[in-house]
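# Fold and contact review
Below, each chain spelled out in residue letters.
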Amino acid sequence: MDGLRPAALNATDTPFLSQLAGEGFTYDHAVATFPALTRANAATLATGHHPGHTGIFGNRLWHHELGHIDTADVEDVRRFRDVGAMSQATIEERLSRLGHSTVVIGNGSAGCTYLLNPGSDAGHGARIASVATDSEVHRSVPPNVMTGLEDLGPRPASDDEALEWAVAAGVVSITTNAPDLLIFWSGQPDTAHHHTGLTSAASTEALRRVDQAVRTLHAAVLDTGRECNLILTADHGFCATIESLELTETLNEIADRAGLPPNGFVPTFNGGVIFGYFEPGTALPLRASVASQIVEQPWAGPVFCADAYCPADAFPLSLAVGGDSPFTPDLIITMRADPADQAGPTDPPARALHARASGTQAYSGVHGTVHPADMRIPLILHGPAFKPRTRCAAPAGPADIAATAYKLVTGALLDDADGRVLTESLHDGGSALPAVERRIDRGDASVTLSRIEDRCYLLGGVSANRISTSATVSQIRTVP
Ligand SMILES: [Zn+2]
């Protein structure tokens, strides 16, 4: 459920999800893979690999040969895969090769649905997209399911109505094909949160629709007489936007002051986080100068910088991003969030600054910062495979969900994945291994990591100083 905050679950708006949380195995400290962006987490959920391996860091990326990449666009993702990104097989593709039936039903962007299983292009698992504006619709859908989809009539013209069409498509898939694994991606409540804020009437309505969607899909499985093991989660949390800042010029000025040629430093804007890329061959001192200037910006939260030239008040990128992907940005600049509510998702929601390119749209809700409110996600495992009525304090995330889903269907381990099987959640599993937390301070910022055996989770990070709100970038200040 895209952008579903754990704190948004309540008996009034999400009665079914709350019931699942009470009956099932619930993680209280589950976190998104960093960065807390949709397509980064979609790729991780699909493969069990973090962005440091998939190369899918977020929604708007840059590559020195391809230029700008919008991962909402299937053709952009295909071009990116052609140069080596997202080379890992998805769990759907692996399961399909083993003879299991799988289906992805996406109610988000076409690129998001595609990233959940690119293998569907080659016939490995079905892919169904509900958003009518997508040119990419259905791939590898079995004929009897296709007939059922045609009976649903045309997909609705508006993205907003597409959720109910997607749910109906899910019911068709369940009742006619009984897939071994169904991944359902809801574009709500993310869309409502971005456009209208976290506590708007539209957001509350979106939560109710999401709750009904899960209830309907769950009931459809039980109606077939089969068992239903359901894993409910989200790709990221959310913050309320304090202010939306156009930062293209500011970043150009910084690169210019460092002595870089025009376009020597390319930023891509992802709401709560900016990715920075240097032209290949840029000298390390010039890179270091850009990084140092950015860390000092009052709008910048924790900044992650390539280890080779990381300033003392930034965080080495290797702390937050493992792997050896050549597509890892040189700088990951998170936007500053209010340091209050460091414990995690709360109501009222935490607040953060929103970054955008000049001339683009401002949003009322933002995510992508490293604040715990963005990193924390719901994670509920419900059904006969899981321990009932248990709350767990261990960290867990989307890579683990992939490994666990694969284990549930095949009984085997997802070899070489970054995720771990969530053994402690399984009916026949032991208790959770102890997690070891570590806080790292740099400048006025800190990040907290948690480790279980050899798996590392970035729980969140904050800058110590508050933000003074204002109308223009030059007036943004930090206040101790
Ligand atoms: Zn979003």
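Look above for the structure.
Report follows, based on the coordinates. (Residues numbered from 1 in each chain as written. Predicted model: local features only at pLDDT ≥ 70, side-chain atom pairs only at ≥ 80, totals over all residues. Heavy atoms only, no water.)

## Details of the pairing of strand S21 (residues 455-463)
As a reminder, the rule being used: Note on classification: 1.4 Å probe, protein chains only; a residue is buried when its accessible area is under 20% of the maximum for its type, exposed when over 50%, partly exposed between these limits. Helix numbers and strand numbers start at the N terminus; a helix is a DSSP run of H or I with at least 4 residues, a strand a run of E with at least 2. Strands were regarded as paired on the criterion that DSSP finds at least two bridges between them.
Counting buried positions over the nine residues of S21 gives seven, a clear majority of the element. The sheet contact formed by strand S20 (residues 445-452) and S21 spans eight bridges and is antiparallel. Across the sheet, the residue bridging to Ile452 is Arg455, located in S21. The turn joining S20 and S21, which pair antiparallel and follow one another in sequence, is formed by two residues; a positive phi near 50° is taken by Glu453.

## Re the pairing of strand S9 (residues 239-246)
Across the eight residues that make up S9, a large majority, six, are buried. Looking at chain direction, S9 and strand S16 (residues 365-366) are connected through two bridges and run antiparallel. The partner of Cys239 across the bridge, within S16, is Val366. Examined bridge by bridge, S9 and strand S15 (residues 351-356) share six bridges and lie parallel to one another. Its bridge partner being in S15, Glu243 is matched across the sheet by Leu353.

## Structural notes on the coordination of the zinc ion
Four donors placed tetrahedrally around a metal ideally meet at 109.5 degrees, and six donors placed octahedrally ideally meet at 90 or 180 degrees. Defined as follows: The donor definition counts N, O and S atoms within 2.8 Å of each metal and applies 3.2 Å to Na, K and Ca; water is not among these atoms, so some sites may look incomplete. Geometry is assigned from the angles between donors: four donors with all angles from 85 to 135 degrees make a tetrahedral site, four or six donors whose opposite pairs exceed 155 degrees while the rest stay between 65 and 115 make square planar or octahedral sites respectively, and everything else is labelled irregular.
Taken together, the protein donors to the zinc ion comprise Asp190 (OD), Asp190 (OD), His194 (NE2) and His367 (NE2), at separations of 2.1 to 2.6 Å. Coordination geometry of the zinc ion: the four donor atoms subtend angles of 53 to 154° at the metal centre, consistent with an arrangement described as irregular. Along the chain, the residues that donate to the zinc ion are spaced as D-x3-H-x172-H. Within this pair, whereas His194 is found in helix H9 (residues 190-196), its partner His367 is found in the loop between S16 and helix H14 (372-375), the two being separated by 173 residues in sequence. For the pair His194 and His367, one class covers both residues: buried.

## Quick word on the sheet that holds S9
With respect to topology, three strands assemble into an open sheet ordered S15-S9-S16, the strand pairing being mixed. On the outer flanks of this sheet lie S15 and S16, each paired with one strand and no other.

## Here we look at the nonpolar core
Spelled out, the test is: Side-chain atoms within 4.5 Å are what join buried Ala, Val, Leu, Ile, Met, Phe, Trp, Tyr and Cys residues into a set we call a nonpolar core. By the convention used here, residues are in contact when the closest approach between their heavy atoms is within 4.5 Å.
Core analysis: the largest hydrophobic core is formed by 105 residues, its most contacted members being Tyr27, Phe34, Ile128, Phe304 and Ile332. Residues within four places of Phe34 in sequence aside, it is in contact with Pro51, Phe304, Ala320, Val321, Ile332, Thr334, Val370, Met375 and Leu458. Judged by nonpolar contacts, the second largest core, of 30 residues, contains Phe265, Ile274, Ala291 and Met335.

## With respect to the sheet that holds strand S14 (residues 331-335)
Formally: Helix axes use the C-alpha atoms of the stretch in contact, all axes being lines fitted to C-alpha atoms, and the angles between their N-to-C directions lie in the range 0 to 180 degrees.
Within the open sheet, the five strands sit side by side as S10-S11-S14-S12-S13. Their pairing is mixed. The sheet is open, and its two edges are formed by strand S10 (265-269) and strand S13 (315-316), each paired on a single side. Here five bridges tie S10 to strand S11 (residues 273-278), and the two strands are oriented antiparallel to one another. The residue bridging Pro267 from the neighbouring strand is Gly276, located in S11. In this fold helix H11 (residues 248-257) packs onto S10 and S11, with an angle of close to 155° to the strand it touches most, S10. Contacting S10, S11, strand S12 (300-305) and S14, helix H12 (residues 284-295) runs over the sheet at an angle of about 160° to S12.

## A short note on the side chain of Asp400
Inclusion rule: Positive charges come from Lys and Arg alone, negative charges from Asp and Glu alone, with His and the N- and C-terminal ends not counted. Take a side-chain nitrogen of Lys or Arg and a carboxyl oxygen of Asp or Glu: if they are within 4 Å of each other, that pair is a salt bridge. A 3.5 Å cut-off defines polar contacts: any pair of N or O atoms within that distance qualifies, except that in protein one atom must be a possible hydrogen donor and the other a possible acceptor, and neighbouring residues in sequence count only when both atoms are side-chain atoms.
Residue placement: Asp400 occurs in helix H15 (residues 398-410). Although Asp400 is buried, it makes no salt bridge; Arg420 carries the closest opposite charge, 4.1 Å away. A polar contact of 2.7 Å, which involves the side chain of Asp400, links it to the side chain of Tyr457.

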